[in-house]
Structure formats: C-alpha cells, structure tokens
Amino acid sequence: MKGKYRYFIIGMIVFMTVVNYIDRGAISYAQEAIIGEFGLNPKTWGQILGYFGYGYMFGALFGGMLADKKGPKFVWIVVGIAWSLFEMGTAFAGEIGLALFGGSAIAGFAVFRILFGFAEGPTFSTINRTMANWAAPKERGFAASLGLLGTPLGALLTAPIAVALLSFTSWKTMFIILGVIGLIWIFVWMKVFTDQPEDNPKVSKEELAEIRNEKQLLSSEKLVDEKEEEQVPWHHFFRNPTLIMNAIGYFAFQYVNFLILTWTPKYLQDTFDFKLASLLYLGMIPWAGACVTVLLGGRISDALRKKTGSLRIARSGLAVVSLLLTAICFILIPTVNSVTAVLTLMTIGNAFNFLPNSVYWTVIIDTEPSKAGTFGGVTHFFTNIATIVAPTLTGALVAMSGYGAMFVAAAIASAVGMVAMIFVKPGSSKRKINPSSTASRPSV
C-alpha cells in the first residue's frame, strides 16, 4: 500500500512473532512423547518448561540495550539465527544430556531451553524499539498491538501446526522444520528492513512526515531524540515508579499467558482424557478471543487518549479493569466441572488478559521513547520471571494440590498486577536534560 510501508514492516514483525511463539510452544504438544521417552514426571516436566525463562529474561535485558546501541536490525538478525538453530538443537537435547551431562536428559533440555530462551528474549524489547522508530505518535497504541498480535495468534496456531507435524512426523523432525522456517524469515527481513524509516527507499516523504509529526503529540509525550538517548543511563529505570509498577503489571499478564501456553495441553489430556488429535482444535480455543482483544486494546487505548487527553486513563485505566476481569474468570474455573465451562472461562479470561497487552509497551514509549529498547528490555527482564515461575510453580502445585491450584495462582497474579497498574502514570519523564546538549539536535 503506497505511503503505508510501515504497516508492511509491522506485518513482517507479526509473522516473526507467530513463528517465535510456535517455536516456544510446540514443546508442550510434544510432551507425551518426550515424557514417555525420557521417563519424566509432572514436576520435572514443569522444570523443563521453566528453563526457557532463565535464558529469556536475560536475553530480554541485554537485547533491549543492544537494540538501542546497535539498532534493531542487527539484533533481529543475530537473535533470529540463534533461536532458529537452538530450536533445531532441541531435537537432540535429550541425547546430548545423556551423553555429555552425567546421563541426564533433563540437563540436556535445560541447556538448550535456556539458550533458546536467551535468543528469543530480545524479541519484544526490540519490537518496542522498532515501533518507537517507525510508528506515528497518534497510532502508537495500535501499532504496538499489531506488533503483539503474533503472541496470541502464534499461540493459537501452535496447536494445529504442532499437532499436524506430530501426526505426520516425529517430535524431533518437528523442531527441525520450525527452525528452518525461522531462518527463512531472517533472510527476507535482511532485505526489507532498516533501523530508521528515513533510511528506507520504500518510505515516501509523505509517510515520513506522518511518522515524525510532532503536532500529534500530547503535552506529556515526545519523539525519539538521539542526543537525549545518550544522556539517559539504563539504571534510571529504577528511579521511575511508573516503569516499575508497569513491569509488575506486565508480570501478571505474562504469568497467565505462559501458564496457558505451557500447561493447557497436559491439563486437558490429564483432566478430560483427550488424545493428541483432539488438541488440534481444543488447544486453539483459549486464544481465539485474545487474537481480537490484543488489537482492540490498542484501538481502545488510542481512542481514550484522543477523547480524554489522559494517558493515565488510556493506558493504566484500561489495564486495571482488564486485569480485574481476568482474575475473576480464573478464580471461577475451579468451581466448574465441564470442559465447555472451563474453556469458556479460560478463553474469556485470556481475552481480558490480552486486552491491555500493548499498554505495557506503550507506557514505556510514552514515558521514555529514547530508551524504548533499553527500558523495554529491563521491563521484560522482570516480567519474564513469570516464564520461570508459571510453569515451574504449576508443576509443584499440580503435584501437591491438583490442577485447581494453578488457576487460583493465576487469579492472584492478575490481582497483584491490577493493584500495581493503579500507580502507573505514563507520560514524559520530568528528568532534567542538559539543554546545551540537545539544543542543536532536532528530534528524529
């Protein structure tokens, strides 16, 4: 579409995020084969799922800083190649563990899941830096939600794609195929993407003017300023209560998200005795509503911003209401017995969970656009403690108290996130910048 090249870039990011999420979620559908082959139990399986988070949180932290320093294109290429190769290596993780790590298949999976998580960690902080560079101010919320669409869409498509591959080939071949798809995306991305729209011949002068239109800014917003970027240290994050509370709110989202991604297949098989073939469609159901609300949330947030002129209402208010409704849905799940009721509550709860997904990233852009990558990485670091806690804690809770406990834990996490978001006040930081260092540098 002429004059809308930025949406092609966003579309490529959506596709990449879909691949990213299928890569991380496919192991959940291979659980029966892997558990049977290596003699695992629910607790050790939860640990294997949780190892991903150890690498992911540190990858998010350093990836965001690297995106600010070296540019998002460099990060995309390096991490895309790395996660694709580690995804392929997962096919041999058990045997490598048995051969090299004291006869422990679990150790082999731990190594590859940690490395795979580290490679995937920079994804969303790099998306945030890309959106800060490419999105027009008036569409920041919706642009962020488009970039995040790949999360529920990828989770939804994981079920049919993983089940289809497992139906026609082995779980090991599935990982190899998924890794190859990631490498193909990287090859195309190298040809079409530039760090700044100014450097891309496909971006017209009219589109660039729209992206850099300062008249669209509220008084509390700003564009990226390269000189200011040099002035803001990474540890300034910890001096900003809005960024800290926002990270806690995002932790709540990620806890619910990763719980559903990693444990739903096993929960459905253990509780309702479904076979793998049934998961082809049942595994999709909890994500159906989220694919809509992740986009709707960005639109609602931008509309509230325009109507009220208040970023706090548009961002924090939307998150508070959504997390409250998420908590209510998940606390009700242990009170019902039918699979229909469970999946209905899970689907509605997950839809509310995703409604403010773009908010957590947009708050960072609203508040510190010049450090969108770095502060996005720090946020993602703390957020993704949930990628360890959710699957690991769930394994322990299931072993001790049954599956009902995992839904109660999800409701508690959502309630904590709701309280945190009450204290989020997005908008331009009141930090003082040396005027002499920025006077001669226009915003870019």
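Residues numbered from 1 in each chain as written. Predicted model: local features only at pLDDT ≥ 70, side-chain atom pairs only at ≥ 80, totals over all residues. Heavy atoms only, no water.

Another aspect to go through is the overall build of the protein. Assigned secondary structure in the protein consists of 22 helices and 0 strands. Compactness check: the protein gives a C-alpha radius of gyration of 21 Å against a globular reference of 22 Å for 444 residues, within 12% of the reference. Along the first, second and third principal axes, the C-alpha atoms of the protein reach 65 × 45 × 40 Å. Here the protein, with 444 residues, has 60% of them falling under the buried criterion. (Helix = DSSP H or I, 4+ residues; strand = E, 2+ residues; numbered from the N terminus. Rg over C-alpha atoms; globule rule 2.2 N^0.38 Å. Buried < 20%, exposed > 50% of the residue type's maximum accessible area, 1.4 Å probe, protein only.)

To continue, consider the nonpolar core. Among the nonpolar cores identified, the biggest contains 126 residues, and Ile34, Met174, Trp189 and Phe330 are the most heavily contacted of them. For this core, the element with the most residues is helix α13 (residues 241–272), which contributes 14 residues. Dropping the residues within four chain positions of it, Trp189 is found in contact with Ile9, Met12, Ile13 and Trp76. (Core = buried A, V, L, I, M, F, W, Y, C linked by side-chain atoms within 4.5 Å. Contact = heavy atoms within 4.5 Å.)

Right, let's get into the packing of helix α4 (residues 72–89) against helix α10 (residues 171–192). Contact geometry for α4 and α10: axes closest at 7 Å, N-to-C directions at 165 degrees. With respect to each other, α4 and α10 are oriented roughly antiparallel. Handedness of the crossing formed by α4 with α10: left-handed. Contact with α4, carried on its side by Lys73, Trp76, Ile77, Gly80, Ile81, Ser84, Glu87 and Met88, involves Phe175, Ile176, Leu178, Gly179, Val180, Gly182, Leu183, Trp185, Ile186, Trp189 and Met190 of α10 and no other residues of that element. When its residues are assigned to classes, the contact of α4 with α10 shows 13 nonpolar, 4 polar and 2 charged. (Axes fitted to C-alpha atoms, helices over the stretch in contact; angles between N-to-C directions. Parallel < 35°, antiparallel > 145°, perpendicular 65-115°, else oblique. Left-handed = near helix turned anticlockwise from the far one by under 90°. Nonpolar A, V, L, I, M, F, W, Y, C, P; charged D, E, K, R; others polar.)

On to helix α16 (residues 311–332). Given 3.6 residues per helical turn, the α-helix brings residues three or four places apart onto the same face. Between its first and last C-alpha atoms α16 spans 32 Å; for 22 residues at 1.5 Å apiece the expected length is 32 Å, and the two agree. If you look at α16, its biggest bend is around 30 degrees, right at Gly317. (Expected span 1.5 Å × (residues − 1). Bend = angle between axes of the 7 residues up to and from the residue.)

Let us now look at the side chain of Glu87. Tracing the backbone through its elements, the reader meets Glu87 in helix α4. Here Glu87 is buried and forms no salt bridge, its nearest opposite-charge partner Arg113 lying at an N-O distance of 5.4 Å. Each residue touching Glu87, except ones within four places of it in the same chain, is listed here: Asp23, Phe116, Phe175, Leu178 and Gly179. (Lys, Arg positive; Asp, Glu negative; His and termini not counted. Salt bridge = Lys/Arg side-chain N within 4 Å of Asp/Glu carboxyl O.)

What follows is about the packing of aromatic side chains. This structure, assessed with the given rule, holds 32 aromatic pairs. When the centroid spacing of 5.6 Å and the interplanar angle of 55 degrees are considered together, the rings of Phe52 and Phe116 count as tilted. Here the residue Phe52 occupies a position in helix α3 (residues 42–70), and Phe116 occupies one in helix α6 (residues 105–120), the gap between them amounting to 64 residues. Phe116 sits in the buried class, given a relative accessible area of 0%. Both rings, one in Phe251 and one in Tyr255, keep their centres 6.5 Å apart while their planes meet at 40 degrees; by these two values the pair is tilted. With Phe251 and Tyr255 both in helix α13, this residue pair falls 4 residues apart, about one helical turn. Given the relative accessible area of 24%, Phe251 is considered partly exposed. For Tyr255, a relative accessible area of 3% translates into the label buried. The rings of Tyr5, Phe8, Trp76, Trp134, Trp185, Trp189 and Phe193 are connected pair by pair, giving a single aromatic cluster. Sitting over the ring of Phe74, Lys70 keeps its end group 5.3 Å from the ring centre. (Phe/Tyr/Trp six-rings, centres within 6.5 Å; stacked < 30°, edge-to-face > 60°. Lys NZ or Arg CZ within 6 Å of the ring centre and 35° of its normal.)

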